[in-house]
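Observations on the model geometry
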Amino acid sequence: MTKKEDTKTIKKRLKNLSKLINEHNIHYHHNDKPLISDREFDKLVIENLNLEKKYPNLVLKNGPNENVGGKLKNKFKKIKHKIPMMSLGNAFNSKDIEEFDERIKKYLNLDLKTKLDYICEAKIDGLSLNLTYENGNLISAATRGDGLVGEDVTNNISNIKNIPEKLKGNYPDIIEVRGEVFLLRNDFENINSKLDDKQKFANPRNAAAGSLRQLDFTISRSRPLQFLAHGLGYSSFEFNFFDEYYSNLEKWGIKKNNINLKSADINLIFNFYNNINDTRSDLEYDIDGLVIKLNNISNQKRLGNVGKNPRWAIALKFSAEKAKTIIQEIDFQVGRTGSITPVARLKSINLGGVIISNATLHNFDEIKKKNIQIGDIVEIQRAGDVIPQVIKVIKKTKRNNKIIKPPKQCPVCGGKTFKEKNEAVLRCTNTYGCYAQKISQIIHFVSKKALNIDGFGEKQVKQFYNFKIIKDVSDIFEIKNFKLKIEKLDGWGELSFNNLISAIEKSKNIDLYKFIYSLGIRFIGEINSEILAKEFKSIENFILASQKTDVLSNIDGLGPKAVNSIKDFFSFNQNKVLLEKLSRLLDINENKVENTNNFFNGKNLVFTGSLINISRDEAKYLAKKVGAKILSSVSKSTDYVIIGEKAGSKSKKAKELNINILTEDEFLNKINS
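Scoring rules and cut-offs
- Residues numbered from 1 in each chain as written.
- Predicted model: local features only at pLDDT ≥ 70, side-chain atom pairs only at ≥ 80, totals over all residues.
- Heavy atoms only, no water.
- Helix = DSSP H or I, 4+ residues; strand = E, 2+ residues; numbered from the N terminus.
- Rg over C-alpha atoms; globule rule 2.2 N^0.38 Å.
- Contact = heavy atoms within 4.5 Å.
- Lys, Arg positive; Asp, Glu negative; His and termini not counted.
- Charge placed at Lys NZ, Arg CZ, Asp CG, Glu CD.
- Core = buried A, V, L, I, M, F, W, Y, C linked by side-chain atoms within 4.5 Å.
- Buried < 20%, exposed > 50% of the residue type's maximum accessible area, 1.4 Å probe, protein only.
- Pairing = 2+ DSSP bridges.
- Axes fitted to C-alpha atoms, helices over the stretch in contact; angles between N-to-C directions.
- Phe/Tyr/Trp six-rings, centres within 6.5 Å; stacked < 30°, edge-to-face > 60°.
- Lys NZ or Arg CZ within 6 Å of the ring centre and 35° of its normal.

The next point concerns the overall build of the protein. Across its full length, the protein carries 24 helices and 26 strands. A globule of 673 residues ought to have a C-alpha radius of gyration of about 26 Å, and the protein, at 28 Å, matches this closely. Dimensions of the protein, computed from C-alpha atoms along their principal axes, come out at roughly 105 × 70 × 60 Å. Relative to all contacts within the protein whose residues are 6 or more apart in sequence, the contacts with residues 24 or more apart total 68%. Taken as two groups, the 110 positive and 81 negative side-chain charges of the protein have centres that lie 4 Å from each other.

Laid out in structure tokens, this is it:
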């Protein structure tokens, strides 16, 4: 081969490598659908690097190295929101909204006949975005993430309509503007028409999310993404009312959602909901309900939130879309807590832009009640537009009349099954020996709401468990010792392994409530995890109190099922050992108290009777914020009993035990000092 022919061959190979690497970058980062393993991809990159080093005069001007080392990053940077981005609780009918309005009034200690102004607007089905402006200049754009920390997508949003780089007019020194990134239906169809079947997005919402979260930001910028503002995070200027903030948005050059209503009449709000439900098919973009939020911002702050949901806002969702299909098979899934759920395998059907092939049957009582069997034509819906479920049997077809009976043994491990009294769910008793429960527990531990380890999902958990790299959650922090073994596994390479190790190291710094949630104790979800974190302040205190029934039972807001579940969890020595090991491996942040100098910090309080100026719920919330513990009954460990009108037996017992008694006014004076 002549030198000229050799040069031509190398140029051709470099061009081919550039094309392959760029294409696979798009497949990998474009909606997470890689066509080759990381190891195969790494080989292409290494071959390209070696050729470029050997023949620097032949390096392409727009070669793949520009993307690998520049625009394409291993992952997005993280940005902490100044004010957490909450998720909304759901309502489905007028009764739910009436109860929402009533809860607010009770919490604020208002007469139930009081009229409260609400701001209502169409709920856009897109991806939440937090824009931070300082001195009018856009300094960052971040996704919602876990509500506290999001992904930095600032480079990706520069071409999005309605997001100015500089605000106009008079604006706060610092402000977080929140809204939704979405695609118009026509733009969604246009994008999909240019993708092959494997790459096509299921719906506009997925397309918007996939387009925004491109590590190659040139792809994001090439997509016609839209933005409408709907929320407010931190602001250095205090707005009194939400509609006041709304009126300023367009003065600053930011477009808000114009499908909105301000009203104090619940009936008018529901009529507005029905109107937009009837006309939503005429809109250029998808909406999935109505957001209703209190207009008074000072009252929003008083109300605060329950877990991840603000008390002052709610999403009134549209009725779930329904469709008919055939049940082809029924099998059983075993969950993290041993629950055995019958699942219908369906003839695939498009429902609301999503291909549905499975639906939950909830439990065996439901199967019996609805007389569901294999071969039935059934009606299905997506509950809350999320979880597909079988509603009813439409037509029974010819079949073997096989009745679906509850299994006496776990379908995964063969362990015995049982059903607790007054509970519909059948469970596997082999809690610590069942493969399905072990896998689900690890998946829960690494999930977004728990340790939030990037790149560590169900697929990776099963892979590592099956190859005996991990046996329980503590082994996750020893994965770095299996570098050579993991890099040989399908789907892994040096780059992906290093990314995982980096994500694991970052996850070690975790808040106490998230750690408690990560343990997967039955009945201990996000809200109960926060209650326990506020009560015990540290993991050591939680471990010490775990077997003290009187302590757990006296925690305000913690029900008897949760108490018994904690006791059961700690009755297994392996859980105690695991917890102590994790407490050494992780940097668990103690629950911080806002005002440690407050009179009530560290005190045990009991409330009794009706309060006048604030509700009892708000009084408890204020006390917990400054580090007080709220007890449900009076005992020798009680420091103060706060009495309102018509105080009953608790007041009497406090006097008998010679415990300090405070009036509502005395409590408020001390809590505010």
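This brings us to the nonpolar core. One finds F456, F464, I476, I479 and F542 to be the most contacted residues of the largest nonpolar core, which totals 52 residues. Of all the elements in the fold, those that place two or more residues in this core are α12 (435-446), α13 (458-466), α15 (494-507), α16 (512-518), α17 (526-536), α18 (539-545), α20 (560-570) and α21 (573-585). Residues in contact with F542, not counting those within four places in the same chain, are I516, L519, I521, L532, F536, I566 and F570. Core analysis: the second largest hydrophobic core is formed by 37 residues, V181, Y245, Y246 and I297 among them.

Right, let's get into helix α22 (residues 616-625). Those residues of α22 that sit buried are E618, A619, K620 and A623. Looking one or two residues beyond α22, the residue adopting positive phi is G627, at roughly 100°.

The next subject is the sheet that holds strand β9 (residues 260-263). Spatial ordering of the open sheet is given by β2-β13-β10-β3-β9, a layout of 5 strands whose pairing is mixed. Either end of the sheet is taken by a strand with one partner, and the two such strands are β2 (90-91) and β9. Relative to strand β10 (residues 287-294), strand β3 (residues 118-124) is paired through 6 bridges, and the arrangement is antiparallel. Note that in β10 the partner of C120 across the bridge is I292.

This part covers the sheet that holds strand β5 (residues 137-143). Here we have 4 strands laid out as an open sheet, ordered β5-β4-β7-β8, and antiparallel in their pairing. At either end of the open sheet lies a strand with only one pairing partner, and these are β5 and β8 (226-235). Between one strand axis and the next, the sheet turns through 25° on average, direction left out of account. Examined bridge by bridge, strand β4 (residues 127-134) and strand β7 (residues 174-182) share 8 bridges and lie antiparallel to one another. By the bridge assignment, S128 is partnered in β7 with E180.

Turning next to the packing of aromatic side chains. For the structure shown, the criterion picks out 25 aromatic pairs. Joined through ring pairs, the aromatic side chains of F237, F239, F242, Y245, Y246 and W252 make up one cluster. Sitting above the plane of the Y621 ring, R311 keeps its charged end 5.7 Å from the centroid. Lying over the aromatic face of F599, K603 brings its terminal NZ or CZ to 5.5 Å of the ring centre.

This part covers unusual backbone geometry. Even without being a glycine, N109 presents a positive backbone phi close to 60°. Along the chain, N109 falls in the loop between α4 (94-107) and β3. With phi around 70°, H362 is a residue other than glycine that occupies positive phi space. For H362, the position within the fold is in the loop between β16 (354-360) and α11 (364-370).

Note on helix geometry: an α-helix contains 3.6 residues per turn, so any two residues three or four positions apart are oriented the same way. In terms of burial, helix α6 (residues 204-212) is largely enclosed, as 7 of its 9 residues are buried. Within the sequence span of α6, burial applies to P204, A207, A208, A209, G210, S211 and L212. Buried residues along α6 sit against β4, β5, β7, α5 (185-193) and α7 (217-222).

Worth remembering: the numbers are spatial, not functional.
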